[in-house]
Amino acid sequence: MRDMKRIKIDRKKCIGCLTCTTACKVAHGGDTRGRITINSEGRYAPIYCRHCSKPECVYTCMTGAMRRDDETGLVLYDKSRCASCFMCIMACPYGVLKMDSATDKEVMKCDMCRSTEENYPQCVARCPMAALTLEEVEED
């Protein structure tokens with residue numbers, strides 16, 4: 001067992017202001033990796049990569065472009081290895097992954113802002129309602 005940091009969502013606190021998606025977009029040069037939908041009860045529902053312990057996106061990726069980092073447990077994407085088959089998008093049970101509409105060849109995926117100068121999830125840092133938090137989770 002090991003502890004890892006993950007984005008936790010308290011949907012009851014979310015007011016649908018889109019500050020999280022704007023922060024993501026700014027941090028990634030115009031690309032956003034998360035989004036907010038409205039669930040069947042009419043409540044706002046932020047959707048972000050869960051960095052699953054058993055990631056279907058990794059299991060279906062034939063080139064190794066999707067991989068799980070052994071040290072952090074994060075599911076990472078290497079666009080240089082991507083074959084643009086989008087099996088990872090189809091395999092994600094949460095519907096989080098999406099095609100990059102700017103290239104039509106790459107996958108948009110949360111990297112917990114590891115590729116940014118801040119190296120901290122900007123959606124969490126900027127959420128005015130504290131609906132998004134970064135918390136330790138135990139994993140086996």
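Everything numeric here is computed off the predicted structure, so don't read it as measured data.

Parameters at a glance
- Residues numbered from 1 in each chain as written.
- Predicted model: local features only at pLDDT ≥ 70, side-chain atom pairs only at ≥ 80, totals over all residues.
- Heavy atoms only, no water.
- Helix = DSSP H or I, 4+ residues; strand = E, 2+ residues; numbered from the N terminus.
- Rg over C-alpha atoms; globule rule 2.2 N^0.38 Å.
- Buried < 20%, exposed > 50% of the residue type's maximum accessible area, 1.4 Å probe, protein only.
- Contact = heavy atoms within 4.5 Å.
- Areas by Shrake-Rupley, 256 points an atom, 1.4 Å probe, with all protein chains shown as cover.
- Phe/Tyr/Trp six-rings, centres within 6.5 Å; stacked < 30°, edge-to-face > 60°.
- Lys NZ or Arg CZ within 6 Å of the ring centre and 35° of its normal.
- Core = buried A, V, L, I, M, F, W, Y, C linked by side-chain atoms within 4.5 Å.
- Disulfide = S-S within 2.5 Å.

Student: When you look at the overall build of the chain in this model, what are you seeing that I'm missing?
Tutor: Scanning the chain for helices and strands turns up four helices and eight strands. The helix and strand sequence of the chain, counted from the amino end, reads β-α-β-β-α-β-β-α-β-β-α-β. Against the globule reference of 14 Å for 140 residues, the chain gives a C-alpha radius of gyration of 15 Å, in line with a compact fold. With respect to the principal axes defined by its C-alpha atoms, the chain has extents near 40 × 40 × 35 Å. Within the chain, the proportion of its 140 residues that are buried is 41%. By sequence separation, contacts in the chain at least 24 residues apart represent 57% of the contacts at least 6 residues apart. Surface exposure of the chain reaches about 8,200 Å², of which carbon and sulfur atoms provide 49%.

Student: Looking at this structure, how should I read the packing of aromatic side chains?
Tutor: For any pair of aromatic rings, the description rests on two quantities: the centre-to-centre distance and the angle between the ring planes. Applying the stated criterion across every chain, the model contains zero aromatic pairs. Lying over the aromatic face of tyrosine 94, arginine 50 brings its terminal NZ or CZ to 3.8 Å of the ring centre.

Student: Looking at this structure, I do not really get the nonpolar core. What am I missing?
Tutor: Side chains of nonpolar character tend, in soluble globular proteins, to be buried together. Grouped together as the largest cluster of nonpolar side chains are 28 residues, with contacts concentrated most on Cys57, Met66, Leu97, Cys123 and Leu132. Going through the elements one at a time, α2 (56-60), β5 (75-77) and α4 (122-126) are the ones with two or more residues in this core.

Student: It is not clear to me how the state of the cysteines should be interpreted in this structure. Could you clarify?
Tutor: Here, disulfide denotes a covalent bond that connects the sulfur atoms of two cysteines. Taken as a whole and assessed by the stated rule, the structure comprises zero disulfides. Cysteine cysteine 82 remains unbridged, with the sulfur of cysteine 88 as its closest cysteine sulfur at 6.3 Å. Residue classification places cysteine 82 among the partly exposed residues on the basis of a relative accessible area of 22%. Between cysteine 85, a free cysteine, and cysteine 61, which holds the nearest cysteine sulfur, the sulfur-to-sulfur gap is 6.4 Å.

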